[in-house]
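Read off the chains here:
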Amino acid sequence: MTDTTTRAPLALTTLGGVRTVTGSRFLVEVGDRRVLVDAGLFQGLKDLRERNWAAFPVPPRDLDAIVITHAHLDHCGYLPKLVQAGFRGPVFVTYDTGKLMSVVLPDSGRLQEEEARYANRAGYSRHRPALALYTEDDAWTALDRLVPKPFDEEFEPAPGFRARFSPAGHILGSSILRLRLETPGTAPVTITFSGDLGRQQHPLLRPPEPVGDTDWLVVESTYGDREHAEDDSVERLAELIDRTVDRGGKVIIPAFAVDRTEVLLYHLRQLHEAGRLPAVPVYVDSPMALAALSVYRDAIDGHADDVRDDLHGDGNLFRLPQLDEVLDAEGSKSVSRMQGPAIVIAGSGMASGGRVVHHLERFLPDPANSVALVGFQAAGTRGRSLMDGADSVKIHGRYVPVRAEICDLSGFSVHADGSELIDWLRTAERAPAGVFVVHGEERASLALRGRIVGELGWNAVVPQDGERLDLHVAVDRVGAGGAVEARAAVTTDQAPPAAVSADGRADDSRARLVVADHGVLSTVDADRGVHAVPVCFTVVDDLVAVPIDTVKAKRSTDLRRSANTAADPRATLLVDHWDRHDWQQLWWVRADLTRLDDAVLDPAVVRRLEAGLRDRYPQYRDAPFAGVLVFHVDRLTGWSAT
Ligand SMILES: [Zn+2]
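Per chain, the residues get numbers from 1 upward, laid out in the order the sequence is written. Reporting of local features is limited, given that this is a predicted model, to residues whose pLDDT is at least 70; pairs of side-chain atoms are given and counted only at 80 or more, and all residues count toward the totals for whole chains, interfaces and linings.

*Asks:* Honestly, the overall build of the chain in this entry has me stumped. Any pointers?
*Replies:* Counting its secondary structure elements, the chain contains 16 helices and 27 strands. For every residue, the other C-beta atoms within 10 Å of its own C-beta are counted; 20 or more classify it as buried, 12 or fewer as exposed, and values in between as partly exposed. C-beta atoms are placed from the backbone. Per-residue burial for the chain yields a buried fraction of 51% across its 642 residues. Taking as baseline every contact in the chain between residues at least 6 positions apart, the subset at least 24 positions apart corresponds to 72%. Secondary structure elements follow DSSP: runs of H or I no shorter than four residues count as helices, runs of E no shorter than two count as strands, and numbering proceeds from the N terminus. Throughout, a pair of residues is in contact if the C-beta atoms placed from their backbones lie within 7 Å.

*Asks:* Just checking my understanding: could you explain the nonpolar core for this structure?
*Replies:* Proteins that are soluble and globular tend to have nonpolar side chains buried together. In this structure, Leu79, Ile253 and Ala292 are the most contacted members of the largest nonpolar core, which totals 142 residues. The element contributing the most residues to this core is helix 8 (residues 287–301), with 8 residues. Domain delimitation follows an automatic or database domain assignment. Split by domain, the residues of this core number at least three in each of domain 1 (10–226 + 415–470) and domain 2 (233–412). Sequence-distant contacts of Ile253, defined by excluding residues within four places in its chain, comprise Leu264, Ile343, Val344, Ile345, Ala372 and Val374. Note on definitions: a nonpolar core is a set of buried residues drawn from Ala, Val, Leu, Ile, Met, Phe, Trp, Tyr and Cys, linked by C-beta atoms within 7 Å.

*Asks:* Help me understand the confidence of the model for the chain, please; the structure alone is not making it clear to me.
*Replies:* Detailed reading of the predicted model is not advised wherever pLDDT is low. Per residue, pLDDT captures the predictor's confidence, and it can take any value from 0 to 100. On average, residues of the chain score 75 in pLDDT, and 71% of them reach the 70 mark or higher. Taken as a whole, residues 1–5 scores under 50 in pLDDT and shows 17 contacts with residues more than four places along the chain or in a different chain. Overall, residues 624–642 carries pLDDT values under 50, and its contacts beyond four positions in sequence, including any with other chains, amount to 80 contacts.

*Asks:* I'm lost on the pairing of strand 9 (residues 175–181) in this one. Help?
*Replies:* Two faces, one strand: in a regular strand the side chains alternate between the faces of the sheet. Strand 9 sits mainly inside the fold: 6 of its 7 residues count as buried. What makes two strands pair is DSSP finding at least two bridges between them. Pairing between strand 8 (residues 161–167) and strand 9: 7 bridges, direction antiparallel. If you follow Arg164 over to strand 9, its bridge partner there is Arg178. Pairing between strand 9 and strand 10 (residues 189–193): 5 bridges, direction antiparallel. Each bridged residue has a counterpart across the sheet, and for Arg180 the counterpart in strand 10 is Thr190.

*Asks:* In this structure, what is going on with the sheet that holds strand 7 (residues 155–158)? I would like to understand it.
*Replies:* Paired through backbone hydrogen bonds, the strands of a sheet run either parallel or antiparallel to each other. Strands sit in the order 7-8-9-10-11-20-21 across an open sheet of 7 strands; the sheet is mixed. Each having just a single partner strand, strand 7 and strand 21 (460–461) make up the two edges of the open sheet. Note: strand 7 against strand 8, 2 bridges, orientation antiparallel. Of the residues in strand 8, the one forming a bridge with Ala158 is Phe161. Fitted lines through C-alpha atoms serve as axes, helices being fitted only where they are in contact, and the angles separating the N-to-C directions of these axes extend from 0 to 180 degrees. Those strands touched by helix 13 (residues 442–456) are strand 20 (434–438) and strand 21, and its axis lies near 160 degrees from that of strand 20.

*Asks:* Looking at this structure, I do not really get the environment of Leu373. What am I missing?
*Replies:* Here Leu373 is to be found in strand 16 (residues 370–373). For the pair Leu373 and Met350, spaced 23 residues apart in the sequence, the C-alpha separation amounts to 8.3 Å. Residues within four places of Leu373 in sequence aside, it is in contact with Pro254, Gly383, Leu386, Met387, Ile406, Cys407, Asp408 and Leu409.

*Asks:* Looking at this model, I keep getting lost on unusual backbone geometry. Mind explaining?
*Replies:* Peptide bonds are trans in most cases, and residues, glycine excluded, mostly fall at negative phi. In this chain, Gly347 is followed by Ser348 through a cis amide linkage whose omega measures 5 degrees. Here Ser348 lies in the loop between strand 15 (342–346) and helix 10 (355–363). A positive phi angle, close to 50 degrees, is found at His396, a residue other than glycine. Structurally, His396 is set in the loop between strand 17 (392–395) and strand 18 (398–401).

*Asks:* What's the story with the packing of helix 4 (residues 95–122) against helix 5 (residues 136–143) in this structure? I'm lost.
*Replies:* Angle between the axes and distance between the axes are the two parameters that describe a pair of packed helices. It is at 7 Å that the axes of helix 4 and helix 5 come closest, and there the two elements cross at 155 degrees. What the angle tells us is that helix 4 and helix 5 run roughly antiparallel. The interaxial crossing formed by helix 4 with helix 5 has right-handed handedness. Between helix 4 and helix 5, the residues in contact are Met101, Ser102, Leu105, Pro106, Ser108, Gly109, Arg110 and Glu113 and Glu136, Asp138, Ala139, Trp140, Ala142 and Leu143, respectively. Partitioned by chemical class, the residues of the contact of helix 4 with helix 5 number 7 nonpolar, 3 polar and 4 charged. If an angle is under 35 degrees, it is roughly parallel; if it is over 145, roughly antiparallel; if it lies from 65 to 115, roughly perpendicular; otherwise it is oblique. Less than a right angle of anticlockwise turn of the near helix away from the far helix marks a crossing as left-handed, whereas a clockwise turn marks it as right-handed. For this scheme, ten residues count as nonpolar: Ala, Val, Leu, Ile, Met, Phe, Trp, Tyr, Cys and Pro. Four count as charged, namely Asp, Glu, Lys and Arg, and the remainder, Gly too, count as polar.

*Asks:* Looking at this structure, how should I read the environment of Gly109?
*Replies:* Note that Gly109 resides in helix 4. In sequence terms Gly109 and Ala139 are 30 residues apart; their C-alpha atoms lie 6.1 Å from each other. Contacts of Gly109, omitting those with residues within four sequence positions, involve Pro80, Tyr134, Thr135, Glu136, Asp138 and Ala139.

*Asks:* When you look at the sheet that holds strand 12 (residues 250–254) in this model, what are you seeing that I'm missing?
*Replies:* Sheet architecture is open: 6 strands sit in the order 14-13-15-12-16-19, paired in parallel fashion. Only two strands of the sheet have a single partner each, and these edge strands are strand 14 (323–325) and strand 19 (405–408). Going from strand to strand, the sheet's axes swing by 20 degrees on average, the running direction of each strand aside. When strand 13 (residues 282–285) meets strand 14, the two strands line up parallel, connected through 3 bridges. Each bridged residue has a counterpart across the sheet, and for Val282 the counterpart in strand 14 is Leu323.

*Asks:* Whenever I open this one, the environment of Ser352 confuses me. Can you help?
*Replies:* Along the chain, Ser352 turns up in the loop between strand 15 and helix 10. Those residues within four positions of Ser352 in sequence are excluded, and the remaining contacts are Gln43, Thr381 and Arg382.

*Asks:* Mind showing me how you'd approach helix 5 here?
*Replies:* Turning to helix 5, its buried residues number three or more, namely Asp138, Ala139 and Ala142. Each buried residue of helix 5 sits inside an arc of 100 degrees when the element is viewed along its axis, so together they form one side. Buried-residue contacts for helix 5 involve helix 3 (79–84) and helix 4. Here the arc refers to the set of directions running from the helix axis out to each C-beta atom.

As structure tokens, this is what we get:
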């Protein structure tokens with residue numbers, strides 16, 4: 001058992017971007033130094049967006065520095081708010097991330113101002129007058145704080161932090177961030193943030209760099225529960241364009257300004273070269289996308305480190321004779337009024353705002369038209385409704401019928417899918433002490449976590465929002481010792497360890513978890529008033545299975561939905577999963593004692609665990625089996641109620 005109370009903090013706190021895809025904000029602490037990794041805007045569902053207005057949990061002036069992994073708003077869009085609220089430190093970025101932020105942040109400020117003006121006119125805001133979250137001016141002020149750094153060069157965001165960006169292949173300038181944390185008295189600890197991870201076959205960018213050597217890993221999971229279709233997306237787009245043009249309709253493509261538009265233009269140009277693109281106008285109706293396009297052109301001309309080697313200097317990549325760059329609002333309106341077939345690329349990428357909304361309003365009701373969805377569509381956005389087959393979507397206060405053809409082209413995704421994420425994780429030089437699965441809707445994160453545990457045999461957890469995670473690696477090593485100690489203490493299968501008194505109360509002042517290769521798992525947290533939870537378990541391979549109904553806890557509300565009573569030891573082995581709320585209560589064993597959905601655990605493993613349990617505990621031989629609670633025995637650690 002270790003005591004973390006005497007050590008300097010070495011911690012990661014999730015302040016957003018967990019169990020959701022937006023609002024990435026991760027606080028890393030070394031002693032009294034604080035560095036924020038990403039300052040993302042919450043987007044999508046209203047509850048999430050409201051969080052942009054909440055006070056930041058750490059006074060922004062107390063942050064020493066901010067490091068931004070890439071220029072998407074869900075990673076950098078909150079920065080102006082932090083600067084407005086008093087942050088005065090440096091903001092480290094790669095060169096192209098900085099350039100792209102100079103495109104997206106002022107635009108975001110303008111949008112916030114427009115929204116506030118619109119809310120005031122329409123009178124729908126709770127605040128009177130409605131205020132912008134931040135203004136375009138705020139965005140420019142925030143941009144003054146940028147400190148660009150090249151890839152693969154070490155820099156020091158704050159004392160005790162050594163940082164390095166590596167290409168992540170997601171969008172231009174996007175990075176995997178490696179941090180080496182140094183505190184006096186302990187060995188350095190490394191933590192690697194995947195950022196948003198690209199795919200091997202991005203047409204413009206080099207594939208993501210390998211994981212390398214790291215103690216902790218924070219990995220995204222946007223598509224953790226999905227596999228991209230065999231990559232025929234370009235072919236399917238070509239066919240969609242053909243079909244739509246034959247019908248005399250328009251292809252509307254909601255696209256993120258940064259990267260999606262560039263990649264689309266690249267593919268359209270390839271189709272044009274191959275004689276596959278009908279001679280219809282292609283409108284890029286997004287000043288922001290056009291500005292981002294020039295950053296991409298410069299990067300390709302300037303041999304940027306993350307651009308594919310074979311593209312360097314090729315200025316014609318995006319050249320299309322029928323390309324019409326629409327800069328002003330009048331031009332956009334005339335695109336909406338225009339007759340005849342065309343391809344219209346406009347933002348925003350999830351149709352939650354921007355010019356594409358006007359085009360959808362105009363073109364969705366006509367079955368001649370089509371909509372190509374080429375990016376991730378978050379819950380609560382119009383893009384998601386369209387993808388899910390809604391027959392109408394609400395635009396400007398009224399329901400617009402959806403009769404246009406909707407085509408899901410997620411193969412264009414800039415995010416790695418589940419298997420690609422696992423493949424990337426396999427590039428690690430060793431098993432990390434732990435993997436924190438973030439940046440995904442809950443289902444996706446849990447699915448990826450399951451795969452990491454099942455396929456790689458690593459310790460992985462989906463953190464809670466606002467959770468503080470201790471990064472001292474020594475805990476893990478001492479945990480192994482704890483297991484040895486426990487093995488000696490446990491003499492019979494179901495005897496409680498000595499630390500627990502007969503009434504199940506703890507007589508140990510600290511939370512602890514002890515484990516042997518079979519016997520009693522005991523968790524005690526006297527400080528927090530939680531009683532001992534002696535649990536029978538068995539080990540199969542390196543997994544531990546626990547028949548939940550053997551829990552003798554007096555206060556086991558986590559089991560309240562249990563179908564059986566503890567009085568009947570032959571009842572269901574595992575009655576229920578611990579749901580989110582119950583998990584909260586078990587926060588002090590969260591890092592290892594986590595549950596898996598059967599769905600994400602290899603059925604063969606589940607069967608082995610079941611057999612192991614029935615073998616070990618004859619009283620359960622005939623009991624119905626509902627599932628298993630699984631955690632890794634080789635990663636069981638000591639716990640401190642910090
Ligand atoms: Zn991104």
